Amino acid sequence: MGVLQYVAKRLGQYFAVLFVGLTITFLIPRLLPTNPIDGYIGQIQARANGALSGNDIALLRANLEELYGLKGDVLTQYLSFLKRVIFQFDFGPSFTYYPQPVSQIVFTALPYTIGLLMVSTLIAWFLGNVVGLVAGYFHTKRAASILEVVGIMLYPIPYYILAVTVILVLSYLIPIFPLAPSFPVGQMTLQKAGMIIYNSLLPAITLILAGFGWNILSMKALAVATTEEPYVTYSRLKGATNWTRMTGYVFRNAMLPQVTALALSLGTVFSGALLTEMLFSYPGIGLILRTAASSADYNVLYGAITISIIAVATAGLVIDLIYPLLDPRIRHR
């Protein structure tokens, strides 16, 4: 298979995944038991003490269906949805925060989620792999067993228990971080950036600890298996130092599955956003999804989930394209 043919195939799969994901995203909110327009009309009717007539309600319903893209049958709504999303990246206004457009809401929260979860994932991956490499290469040493125990202790702990424990220790027993973090709004300044980083450290520590254990255990298992390969033994017989064998032979080959795991982790950072942002009151995509689901805000659900789908699909595409550069055994001529 040639390079162009390989890239074309992967791009075709990428766009197919996006299409299927967008279709499912369109259908899922319509399976919810609540109707956002009925709820909105009910709120207006309550404020007006039931003064709206049947004609007023019908006219209001028609205007709302037109405004939120809910006019016509499901197929008409679906085609209109694809047209707006694909060509304009327009999800319409939010039901909950009307008339604020969904794209503005999502792109305001997106830097918080990416900054927290992506940086935490990268740090946990790097530290876990370094510790796991050392523990795996020197697996016969007592110190390596101690490092493995750290991973074994951290990995099974459910994330919410780990998060609550960190909050209790670092915000209550040792009040280093605030129990109720505050994130200033307005134009970005040096002081504002410092406050955001400070209030993000507590959830970041929790995320790093949660991913640290798995990376240690997985890298240790890969390193132990790679250390026993013939080419590593041959390099030892040639007189290569421990550092050369560990970094040049063991790490370069053991890291390949870990790179794949990293790409998938980066692509799915939004799946971990909900619980993290709920526990730490963090203003990211997770809180937006929670509010949108509870209020049946179709448009916000579309925007947030679409961003997540694009992130996951793009991560898979990138790792497919760069993997041949990392693994010398894969070549496309």
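Computed from a prediction, not measured in an experiment: that's the story for all the values here.

Visitor: Got a minute to help me understand the overall build of the protein chain in this structure?
Guide: If you tally the helices and strands in the protein chain, you get 13 helices and 0 strands. Across the protein chain, helices and strands are ordered from the amino to the carboxyl terminus as α-α-α-α-α-α-α-α-α-α-α-α-α. In the protein chain, buried positions account for 38% of the 333 residues. If you take every contact in the protein chain between residues at least 6 apart in sequence, the share linking residues at least 24 apart comes to 75%. Working note: accessible area of the protein chain is about 18400 Å², and carbon and sulfur atoms make up 69% of it.

Visitor: Help me understand the packing of aromatic side chains in this model?
Guide: Each pair of aromatic rings is reported with the distance of its centres and the angle of its planes. In this structure the tally under the stated criterion is 3 aromatic pairs. Judged by centre distance (4.8 Å) and plane angle (85°), the ring pair of Tyr 137 and Phe 138 falls under edge-to-face.

Visitor: Could you clarify how one ought to interpret the side chain of Ser 171 in this entry?
Guide: Tracing the backbone shows Ser 171 in helix α7 (residues 159-173). For Ser 171, a relative accessible area of 7% gives the class buried. Apart from the residues lying within four places of it in its own chain, the contact partners of Ser 171 are Val 166, Phe 177, Pro 178, Leu 179 and Leu 202.

Visitor: For this particular structure, what's the right way to read the nonpolar core?
Guide: Across soluble globular proteins, nonpolar side chains have a tendency to be buried as a group. Counting 22 residues, the largest nonpolar core has Phe 81, Ile 285 and Tyr 302 as its most contacted members. The set of elements that each furnish at least two residues to this core consists of α1 (3-27), α4 (74-88), α5 (102-137), α12 (285-294) and α13 (298-326). Per-element accounting of this core gives the leading share, 6 residues, to α13. Setting aside residues up to four positions removed in sequence, Phe 81 forms contacts with Leu 22, Phe 26 and Tyr 302. In this structure, Tyr 159, Leu 170, Phe 183 and Leu 202 belong to the second largest nonpolar core, which totals 16 residues.

Visitor: Is there a simple way to explain helix α6 (residues 142-154) in this structure?
Guide: Think of an α-helix as turning once every 3.6 residues; residues three or four places apart then point the same way. In this model α6 runs 19 Å from its N-terminal to its C-terminal C-alpha over 13 residues, within 8% of the 18 Å that 1.5 Å per residue would give. Residues Ala 144, Gly 151 and Leu 154 constitute the buried set of α6. The buried residues of α6 occupy an angular sector of 90° when projected down its axis, which confines them to one face. Projecting away from the buried face of α6 at angles above 90 degrees are the exposed residues Arg 142, Ile 146 and Met 153. Those residues of α6 that are buried lie in contact with α5 and α8 (190-227).

Visitor: Looking at this structure, how should I read the side chain of Asn 129?
Guide: Relative to the helices and strands, Asn 129 is located in helix α5. Beyond its immediate stretch of four places on either side in the chain, Asn 129 contacts Asn 215, Met 219 and Gln 258.

Visitor: I'm lost on the packing of α7 against α8 in this one. Help?
Guide: Packed helices, taken two at a time, are described by the angle their axes make and the gap between the axes. The interhelical angle for the contact between α7 and α8, taken along N-to-C directions, is 135°, at an axis separation of 10 Å. Classed by the angle they form, the pair α7 and α8 counts as oblique. Here α7 runs over α8; the crossing is right-handed. Contacts between α7 and α8 involve Tyr 159, Leu 162, Ala 163, Val 166, Ile 167, Leu 170 and Ser 171 on the former and, on the latter, Leu 202, Ile 205, Thr 206, Leu 207, Leu 209 and Ala 210. For the contact of α7 with α8, a count of residues per class yields 11 nonpolar, 2 polar and no charged.

Conventions we followed
- Residues numbered from 1 in each chain as written.
- Predicted model: local features only at pLDDT ≥ 70, side-chain atom pairs only at ≥ 80, totals over all residues.
- Heavy atoms only, no water.
- Helix = DSSP H or I, 4+ residues; strand = E, 2+ residues; numbered from the N terminus.
- Buried < 20%, exposed > 50% of the residue type's maximum accessible area, 1.4 Å probe, protein only.
- Contact = heavy atoms within 4.5 Å.
- Areas by Shrake-Rupley, 256 points an atom, 1.4 Å probe, with all protein chains shown as cover.
- Phe/Tyr/Trp six-rings, centres within 6.5 Å; stacked < 30°, edge-to-face > 60°.
- Core = buried A, V, L, I, M, F, W, Y, C linked by side-chain atoms within 4.5 Å.
- Expected span 1.5 Å × (residues − 1).
- Arc of directions from axis to C-beta.
- Axes fitted to C-alpha atoms, helices over the stretch in contact; angles between N-to-C directions.
- Parallel < 35°, antiparallel > 145°, perpendicular 65-115°, else oblique.
- Left-handed = near helix turned anticlockwise from the far one by under 90°.
- Nonpolar A, V, L, I, M, F, W, Y, C, P; charged D, E, K, R; others polar.

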